[in-house]
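Coordinates in review
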Amino acid sequence: MIQAVATLFGLSLSLVLLFLIRRDRLHISHGVTWGVAVLCFALLGFAPGLFDAIARELNIIYGPTLAISLAIAALVIKALLLDIECSKLRVKNQRLAQKLAMLESDLADHRNATNKATSSLG
Amino acid sequence: MVVIPAFNEEATIGDVITSAFRHADLPVWVVDDGSTDLTKERALTAGARVLSLPFQIGAWGATQTGLRYAHKLGVDFVITMDADGQHDPMSAKHLLETVVSGKADVALGTFEARGSGLRRVAWKMMGLASGLDFRDPTSGYRAMNASAIKALTSSAASMLDHQDIGVLILLVRARLRISEIPVNMFPRKSGQSRIFSTWRVVFSYMIHTLSLALAKRQLRRNQPSKQRNTLA
């Protein structure tokens, strides 16, 4: 049953990914990362024996534990990468807003200077 | 140059600017942090120059905007002060003298008497977490020279949310000399502290600040060059 669920989930996720990339809702770089996740689900669905074999090698009695642990680890890493990206964007956003405020002030000064020059010529 | 971050301070900003002009005798720049009231208009009427942020980015972000502009203009000394009328502009000269004379890179205006019980506990905890012993680490009344201005305009400084212990840690790491100068402060004329308002806000602020202080704590015993003055 777990194989069927994993296969179905992998197929659904790959369709959603394709849809999001085609509609420009997801950048291709993120698409690649999620593509790897889809591949993992496909492996779990189509070759369940693979995880069991690796689990046996690692002395893990119950095979699916390995898959679940790896999935949790991948999700935690992904969440951390997202927070790093979010922090970078926040700094960029803030510095951009600051730059805009400074440029607006410069523009106002420039306009005033131009107006003064124009009126003195007139 | 005097930098005053302001968010919805129409009731006090005019008087603060007038006093700053009278006592500091420097150009006054107000950084309007996305105010929805007449803060910008009142500031312009009082004779200040205004930098208008397109949206609210917080008091520290607004202050940093002023510092970045000062850095761009090549200004040698900046005084930062609050727009709510708490900071006595008469103390501005003491702060400025400290950095102009070269005694310190940053003069931190301190007023311990303003500390309520809760605030004192917060200051103590910040000191323990960061390993830095400042009497009033949340004071936004500061004077700084070009080296400090440059340090505080960095992207690393943009990661900070508040102008408190995080900024002080950054200054200490940049090996800048910080001098604590006792100054006079008044009770808030309008509104209330954005940080020390409700228990929920205080709790959230303390968790963030203490986590930052612990994470950035210097591992090596490398106490900052710090002086304490006793004269106001």
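Residues numbered from 1 in each chain as written. Chains lettered and ligands numbered in written order. Predicted model: local features only at pLDDT ≥ 70, side-chain atom pairs only at ≥ 80, totals over all residues. Heavy atoms only, no water.

**Considerations on the overall build of chain B**
A tally of helices and strands in chain B yields 9 helices and 8 strands. Contacts spanning at least 24 positions in sequence make up 76% of the contacts within chain B whose residues lie at least 6 apart. Summed over all atoms, the accessible surface of chain B reaches about 10,500 Å², with 55% contributed by carbon and sulfur. (Helix = DSSP H or I, 4+ residues; strand = E, 2+ residues; numbered from the N terminus. Contact = heavy atoms within 4.5 Å. Areas by Shrake-Rupley, 256 points an atom, 1.4 Å probe, with all protein chains shown as cover.)

**Notes on the interface of chain A and chain B**
Between chain A and chain B, the contact holds 16 residues from the first and 21 residues from the second. Counting every contact that joins chain A to chain B gives 3 salt bridges. A salt bridge links B:D161 to A:R90, with the nearest nitrogen and oxygen atoms 2.4 Å apart. Our count for the chain A to chain B interface comes out at 12 residue pairs in polar contact (both at pLDDT 80 or more). Classifying every residue of the side of chain A that touches chain B gives 5 nonpolar, 5 polar and 6 charged. (Salt bridge = Lys/Arg side-chain N within 4 Å of Asp/Glu carboxyl O. Polar contact = N/O pair within 3.5 Å; in protein donor to acceptor, adjacent residues only side chain to side chain. Nonpolar A, V, L, I, M, F, W, Y, C, P; charged D, E, K, R; others polar.)

**Digging into the environment of B:V3**
Residue and element names in this part refer to chain B. Of note, V3 is situated in strand β1 (residues 2-6). The spatial distance from the C-alpha of V3 to the C-alpha of A83 is 9.6 Å, given a sequence separation of 80 residues. Those residues in contact with V3 that sit more than four places away from it in its chain are W29, V31, T63, G66, V78, I79, T80 and M81.

**Examining empty space enclosed by the protein**
Residues and elements named next belong to chain B. Counted by the stated rule, this structure contains 1 cavity of 30 Å³ or more. A volume near 30 Å³ is recorded for the largest cavity. Every residue along the wall of the largest cavity is listed here: W60, T63, L67, T80, R142, M144, L152, Q163 and V167. Those elements that place two or more of their residues in the lining of the largest cavity are α3 (59-73) and β6 (142-145). Here the lining of the largest cavity takes 3 residues from α3, the largest share from any one element. For the lining of the largest cavity, a count of residues per class yields 5 nonpolar, 3 polar and 1 charged. (1 Å grid on protein atoms, 1.4 Å probe; cavity = no way out; pocket = protein on both sides within 12 Å on 5 of 7 lines; lining within 4 Å. Points joined across faces, edges and corners; volume = space filled by probe spheres on them.)

Keep in mind these numbers describe shape, not what the thing actually does.
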